[in-house]
Amino acid sequence: MVAAFVAAAGHPRTVRGQESNGEERQPRVCPQFDHEHAAWTAILQRYVSGGWVSYTELRDSGMPDLRRYLASLEAVCREDFDAWTEAEKLAFWINAYNAYTVKLILDHYPVKSIRSIGLLPGAAFRERFIPLQNVRGHLVSLNEIEHEILRREFREPRIHFAIVCASKSCPALRSEAYRASRLDDQLDDAARTFLRDVHKNRFDPVTRTLYLSSIFRWFREDFERAASSLPAFVAPYFDRSTAAEILAPGVKVEFLDYDWSLNGR
């Protein structure tokens, strides 16, 4: 049985419990969590512009701030996390994915691509290096956050425009944290911004071809679960005239190559 001893409102909580052998565990402090993710926003506003990350500057002068923000994620207690709203949990995991991806790049910087990290392409996504044991019970990988948590538990297709894998063809890293208080608007804006970037998605009215990012090929089932087809999913994020053309019968869909080179400057 777990007993929670709560200090004054807004103060850290102390959580006690018992080990499996019946002995009392050492108390764990559960600090109050900032759902505005203000520390992450401050980092993003200073080191990210137009989706491009100043990795060198961040490495040289921003690491203490980044470490403090990551420490705040790692200090979250499962007891508190379970009581959060769905929007608070979703914002937590999106920001965690993005912040730990930046940390991973900085740990190996300079690097040309996230796919250069590890012995095999994609190894960086499989490595369990994220110390969120308080919430998940074990070290977490980027793949687990994306596939096991965000895709499976939330089933929100717009996360694919919010999580950023440090590559040029990824959605742009926003210069603000995702926050529960504005999450729906932020996700819509991220989708709109990504789909209207002609380097990543575009519609050719002459050939009636919808050219989409490879993200739509890799996660097609996520988008078609939310809409009847890929054109039906993306059309609302274009202007009214273009949307009508995209939804017309006979439109072809083709997928663009993905540029995995670093989203740095």
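What you see is a predicted model; the values in this text were computed from it and never measured.

1. Some words on the nonpolar core
Then step 1. Trp 93 and Phe 216 are the most contacted members of the largest nonpolar core, which totals 81 residues.
Then step 2. Looking at which element gives the most residues to this core, the answer is helix 4 (residues 86-108), with 13 residues.
Then step 3. Once you skip the residues sitting within four places of it in the chain, Trp 93 turns out to touch Phe 81, Leu 132, Val 135, Arg 136, Ile 145, Ile 149, Leu 150 and Phe 154.

2. Remarks on the packing of helix 1 (residues 38-47) against helix 2 (residues 55-74)
Then step 1. Across the interface, helix 1 lies against helix 2 with an axial gap of 9 Å and an inter-helix angle of 170°. The pairing of helix 1 with helix 2 is recorded here as roughly antiparallel in orientation. On helix 2, the residues touching Ala 39, Trp 40, Ile 43, Arg 46 and Tyr 47 of helix 1 are Glu 57, Leu 58, Ser 61, Gly 62, Asp 65, Leu 66 and Tyr 69.

3. Some details on the sheet that holds strand 7 (residues 209-212)
Then step 1. Strand order in this open sheet of three strands is 6-7-8, and the pairing throughout is mixed. Looking at strand neighbours, the two that pair on one side only are strand 6 (202-204) and strand 8 (252-255), the edges of this open sheet. Across the sheet, the axes of successive neighbouring strands diverge by a mean angle of 25°, strand direction being ignored.

4. Thoughts on the side chain of His 37
Then step 1. Tracing the sequence through the fold places His 37 in the loop between strand 3 (28-30) and helix 1.
Then step 2. Apart from residues no more than four positions distant in its own chain, His 37 is found in contact with Tyr 69, Leu 73, Ala 91, Phe 92, Asn 95, Ala 177 and Tyr 178.

5. Here's the deal with helix 7 (residues 142-154)
Then step 1. Regarding helix 7, the residues found buried are Leu 142, Glu 144, Ile 145, Glu 146, Ile 149, Leu 150, Arg 151 and Phe 154.
Then step 2. Among the structural elements, helix 4, helix 5 (123-126), helix 6 (133-136) and helix 10 (220-226) are those in contact with the buried residues of helix 7.
Then step 3. Phi for Arg 155, located one or two positions after helix 7, is positive at around 50°.

6. Some remarks on the pairing of strand 7
Then step 1. Side chains Thr 209 and Tyr 211 of strand 7 all project onto a buried face; the interleaved residues Leu 210 and Leu 212 project onto the opposite face, where all are buried too.
Then step 2. Linking strand 6 back to strand 7 in an antiparallel pair, the connection comprises four residues, with Arg 208 at a positive phi of about 55°.
Then step 3. In this structure, strand 7 lies alongside strand 8, joined through four bridges in parallel fashion. Residue pairing for strand 8: Leu 212 is matched across the bridge by Phe 255.

7. Here we look at the state of the cysteines
Then step 1. Applying the stated criterion across every chain, the model contains two disulfides.
Then step 2. Note on cysteine connectivity: Cys 30 is disulfide-linked to Cys 77, with sulfurs 2.0 Å apart. With the S-S dihedral at roughly -100°, the linkage between Cys 30 and Cys 77 falls on the left-handed side. With Cys 30 in strand 3 and Cys 77 in the loop between helix 2 and helix 3 (78-81), this residue pair connects regions lying 47 residues apart in the sequence.
Then step 3. Note on Cys 30: relative accessible area 1%, which makes it buried.
Then step 4. Across the disulfide, Cys 165 is cross-linked to Cys 170 (sulfur-sulfur distance 2.2 Å).

8. Examining the pattern of salt bridges
Then step 1. All told, the structure shown has 22 salt bridges when counted by the stated rule.
Then step 2. Notably, a salt bridge pairs Asp 189 with Arg 174, separated by 2.8 Å at the nearest N-O pair. Note that Asp 189 is positioned in helix 8 (residues 183-195) and Arg 174 in the loop between helix 7 and helix 8, a separation of 15 residues in sequence.
Then step 3. Residue Asp 189 is classed as partly exposed on the basis of its relative accessible area of 30%.
Then step 4. Arg 174 sits in the buried class, given a relative accessible area of 16%.
Then step 5. When the shortest N-O distance is used, the salt bridge between Asp 189 and Arg 192 registers 3.9 Å. On the criterion of helical spacing, the pair formed by Asp 189 and Arg 192 is a turn pair, its members being three residues apart in helix 8.
Then step 6. Residue classification places Arg 192 among the partly exposed residues on the basis of a relative accessible area of 32%.

What counts as what
Residues numbered from 1 in each chain as written. Predicted model: local features only at pLDDT ≥ 70, side-chain atom pairs only at ≥ 80, totals over all residues. Heavy atoms only, no water. Core = buried A, V, L, I, M, F, W, Y, C linked by side-chain atoms within 4.5 Å. Buried < 20%, exposed > 50% of the residue type's maximum accessible area, 1.4 Å probe, protein only. Helix = DSSP H or I, 4+ residues; strand = E, 2+ residues; numbered from the N terminus. Contact = heavy atoms within 4.5 Å. Axes fitted to C-alpha atoms, helices over the stretch in contact; angles between N-to-C directions. Parallel < 35°, antiparallel > 145°, perpendicular 65-115°, else oblique. Pairing = 2+ DSSP bridges. Disulfide = S-S within 2.5 Å. Salt bridge = Lys/Arg side-chain N within 4 Å of Asp/Glu carboxyl O.

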